[in-house]
Every structure is written in C-alpha cells, then in structure tokens.
Amino acid sequence: MGSSWGGVERQNLALLFISSVALRKSLTFHSLGFLIYKRKIMIPILQSCLMIVARFFKGVCFVLFLSMSIVTVQLGQCGNQIGFEVFDVLFNDSHCPGGLCSKRENEAYQASCKERFFSEEENGVPVARAVLVDMEPKVINQTLSKAARSGWWKYGQHSCFCQKQGSGNNWAYGYSVHGPRHKESIMNLIQKEVEKCDSLSGFFIIMSMAGGTGSGLGTFVTQNLQDQYSSALKMNQIIWPYGTGEVIVQNYNSILTLSHLYRSSDALLVHENDAVHKICAKLMNIKQISFCDINQVLAHQLGSVFQPTYSREGSFHYRRNPLGDLMENLVPHPEFKMLGVRNIPQMSENSLAYSTFTWAGLLKHLRQMLVSNAKMEEGIDWQVRPPLSGLPPLGKMSVNKETHFNTSIANLVILRGKDVHSADVGAFKDPALYTSWLEPLHAFNVWKTQRAFRKYEKSAALVSNSQSLVKPLDMIVGKAWNMFASRAYLHQYTKFGIEEEDFLDSFTLLEQVIASYCNL
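Here the structure is a predicted model, which means the values were calculated and not measured.

### Comments concerning the side chain of Asn-343
No. 1: Its location among the elements puts Asn-343 in strand β9 (residues 338-344).
No. 2: Within the structure, the side chain of Asn-343 is placed 3.3 Å from the side chain of His-300, a separation counted as a polar contact.
No. 3: A polar atom in the side chain of Asn-343 sits 3.0 Å from the side chain of Ser-304.
No. 4: When residues no more than four places from it in sequence are discounted, the contact partners of Asn-343 are His-300, Gln-301, Ser-304, Met-369, Glu-377, Ala-460 and Ala-461.

The following block contains the structure:
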C-alpha cells in the first residue's frame, strides 16, 4: 500500500473501513473516537479520511480531537461522598486564579477539564458527567444538595437512582437482588449520560469493597458496562476497608468484589483507608478525623492524576484521552491491573504557606516512597534499596516479610507547577526498579504541565502498578479464608444465590494474582 495509491483511493478505502466497523459494531459515530484510541487504529489511512468524514458529519472531525469525556458512576454511600469531593476538587482547581501560567494556557486547561468531566446547561452552570446510584436516598439527597449549594457546578436533575431499601452490607444482596431488579433503570441513566459525550474515553466507577451496595451492585454495574460498552475503558476506584474492620463480613465482600472486577474492569485504582487516615493525622494535622477529611485527601490525589497534562514533552496541547493513556502506560498485561497513587507534597494550608520545595527534593522522596512502599513522605525507610542493576535479585518477594523492595511493573509520574520542564526524572528509569520482562523505556512515563495544581507551586503524583498491594490483599484473602473454612456467615450469601463454588473461584483467582505479583 505504497505511493501507487492515490489520495482518492486512500480516502475511499478509509471511509469504507470506518463505515463497515461502525455498522458491524453497531456504534454511534462518536463511539468511533474511543474505538480508534483503544484499538490503536489511527493509521495514516484513517487520518486522511477524517476530512472526508467531516463532510458527512459536520464538525465531528474537530470533536474527535478534543478531550475525550469520562462518565463517572458513583455507587453507594462511599462512592457518592467521594464522587462529590472529586468533582469539587476538579472544578475548584480548574478555576483557581493564576495557576502559575498564562491566561491562554489557563483557559485551555479549564476547557480540557470541563470537556472531560462536565457538560453545560443553558443557564451556564457546569453539570457533572456522573450517574449517582444508591439503594437508600439519604446520601444521594445530601450529595445533590451540597453540589447545588456550591453554586459553581451541580449534578444533573435526572442522573440519580435510589431506592428505600439498602443492601445490609451483603455483597450477594447488592449483586444478585438489587442488580438484576434495577439493571434497566441504572443502565438507561448511564446511556443518557454517554449520549451527552461527543467522544467517550470510558467510565470511572467509584465504590467501596466493604459494604453491600457499593461492592455488590458496583460489581454488577461494572459487568454490565463491560457487556454494553465493550470498547470503552473501565477504571474502578475502590476503597480498601480498614484492617480493624468496619463490617464483620467485609473480607467476604472484598474478595468477591476484587475477583469479579478482575474479570470485567480494565484497571483497579486502590486507596487504603488506613493509609489515608495516617495522611490526615500526620500530614494534614487533623485531630478528629472524619470521613469527609479522608474523602478530601482521596479527591486531592485523584484530581492530581486526572487533571489535564501536556500530551508530550515540549507540547502545549493537553492530552485527549486520559483513561486510555493511563491504561496504555500502566496496565501492560491483564493479569496485573492493581494501581496505587502516591502524592507529594500533601499538607494543610497553614503549613503550605511556609513551605518551599525543589523538584530534586520532591522526586528523591517520591522515588524512595515507591522503593520502600511508603504511602507518604513522613516515616520513609531510607534503608530499602533496589538490587544492583544487572544482578539477579536475592529471592522472590515473601508476603510475610516486613521490609522488602517494592518491584514495579510500570510507573507514571505526573508533575505540575513552576519550572516543571527542569525536573529530572532519570532516577525512575533505573532498570532495577522494574520487572525483568519490561524495559524501563516501556515501563516508565512522565506527564507534565507548568499549570500548578490547587495551591501547590510544585507537586508530583505517582501512579504505580507494583507489589505494593500484595500484603493487604494477602491479609484480606487469609481472613476471608479463615471465616470460610468455619462456614461463618455463608448462609447470608447462599440464600441470595452465591454458592460455595463462587467463593472458591474467588479465592483461586486472587491467590493467582498474589502469586503473579510476588514473582515479579
């Protein structure tokens, strides 16, 4: 297919190809955007055809290259409360005055954020691209009210679904009863939100693992999204329960959630309640820590990941497909899809006013946080070192070992703020940090923007696919197995159709996940 092909022949072939794909997949035209991104089919033939397509679909050619939108699905009490804080952070940051960049660049940043996360109604108030789901009305009503009171943004009038009976902290009830009973209503709401997007990047699903609605119904909804939108990306942001226990059956709920999501989600972005609680206490200096405090820390970390960054070094165009780029950089193999986030610096506003940072200092601490599996910069173990480059490791990871070098599959560093182009990330390219089957060239990426995040002159986030979650996962599986071996509380699940074989399948899958990460 060389130079002998004329322009008209290339354009006609490309148009025929796009039309046949659209018909075969029963896709709307805007769906082609994420088909192109996910399947990596933006070849020269397709590029040359976009001008032809624009003649038939006026203006769509331009829309395909704007930021692709993300539809957020907030599930259960936890998901809805965190979802509100995330949208509040995204909006407030994008409208933060100054941002240490030019007015033009700030406007481009705002426009990119809005296209990703907000649509706009006639009265000019941005509306979150979100669907709110809970089986009890209280939290959703509170969430809608808080957003409306802000006066800056709001949720859509018809973007919520709630009932008057919860799931009783039972994964099986959320999955097997509420899911099938309310499937049509929930999926219709999601479809209406998708139809508002000119180009869909995918779904961001916020849920907890410990309860019944977020975990059980959240799993059911994710599976249906996979069935109905197989070409769209799905990232589940899941809240790992406190080790001391919020719900007596939380370990059952957790293993059922994780094992099912491993089959239907593209990536699991995990936040541990215990780790975030320590950040609130030690870095934010909060004395009486509430769930609102924890959710605000989570929202800060998520905002630092999802707000716009430049598409490449030296470019001043913001990347268009945030979920697709995250997956491409961090999930090279479907057996490894558990991601964690670290943020630096993170502190109270009072402390921030008297603090200064250098990129060298921030990145040195962030790298050691990765190496030693520390969730915050305070209390880093500086004794942990990666094995010398080129030498074989002394042994595979043991989940029982207290201090161990944290081997990575892939890392993404996101830098925001003043003099960002001078930041040296060379230390993250050390082959000793990574598994032997992936070159650092493919395992490490950096995203940058000189636009500051919130009130931080300089800030860095690290999204990592590594061994960091092996120990907490092994603990949850172990606790669930001990309960299962004594048949404790199983009747609460079997009466809603979750049999012992389902538990055994979950244990088997998660033990394989643990083994795979340990053997990196």
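### Thoughts on the environment of Val-413
No. 1: One can find Val-413 in strand β10 (residues 408-417).
No. 2: A sequence separation of 15 residues divides Val-413 from Phe-428, and the C-alpha atoms of the two residues are 8.7 Å apart.
No. 3: When near neighbours in sequence (up to four residues on either side) are disregarded, Val-413 contacts Leu-363, Phe-428, Phe-444, Asn-445, Val-446, Trp-447, Ala-461 and Leu-462.

### A few points about empty space enclosed by the protein
No. 1: Summed over the entire model, instances satisfying the criterion amount to four cavities of 30 Å³ or more.
No. 2: Considering the residues around the largest cavity, the lining is formed by 14 residues, among which Val-270, His-271, Glu-272, Val-341 and Lys-375 are closest to the centre.
No. 3: Listing elements by their share of the lining of the largest cavity, those giving two or more residues are β8 (267-272), α11 (273-282) and β9.
No. 4: A total of four residues in the lining of the largest cavity trace back to one element, the largest contributor, which is β9.
No. 5: Of the residues contributing to the lining of the largest cavity, the split by class is seven nonpolar, four polar and three charged.

### A word on helix α9 (residues 213-228)
No. 1: The terminal C-alpha atoms of α9, which comprises 16 residues, lie 21 Å apart, in line with the 22 Å expected from a rise of 1.5 Å per residue.
No. 2: Most of α9 sits out of view: 12 of its 16 residues are buried.
No. 3: Taken as a whole, α9 has its buried residues at Thr-213, Gly-214, Ser-215, Gly-216, Leu-217, Gly-218, Thr-219, Phe-220, Val-221, Thr-222, Asn-224 and Leu-225.

Basis of the calculations
All chains use their own residue numbering, which begins from 1 and follows the written sequence. Residue-level local features of this predicted model are given only where pLDDT is at least 70; pairs of side-chain atoms are given and counted only at 80 or more, and the full residue set underlies all totals for whole chains, interfaces and linings. Side-chain measures were taken over the full set of non-hydrogen atoms in the model, leaving aside hydrogen atoms and water. Labels follow the DSSP assignment, with helices taken as runs of H or I lasting at least four residues and strands as runs of E lasting at least two, numbered in each case from the N terminus. The definition of a polar contact used here is a pair of N or O atoms within 3.5 Å, where within protein one atom must be able to donate a hydrogen and the other to accept one, and adjacent residues in sequence count solely through side-chain atom pairs. Only heavy atoms enter the contact rule, under which two residues are in contact if any of them lie within 4.5 Å. Method remark: on a 1 Å grid restricted to protein atoms, a set of points is classed as a cavity if a 1.4 Å probe fits but cannot get out and as a pocket if it is open with protein on both sides within 12 Å along at least five of seven lines; lining residues have an atom within 4 Å of a point. Grid points are joined across faces, edges and corners, and a volume is the space filled by probe spheres set on the points. Lys, Arg, Asp and Glu make up the charged group, whereas Ala, Val, Leu, Ile, Met, Phe, Trp, Tyr, Cys and Pro make up the nonpolar group; the residues left over, Gly among them, are polar. Helices are assigned an expected span. That span is 1.5 Å times one less than the residue count. Only protein chains enter the accessibility calculation, which uses a 1.4 Å probe. A residue is then buried if its area is under 20% of the maximum for its type, exposed if over 50%, and partly exposed in between.

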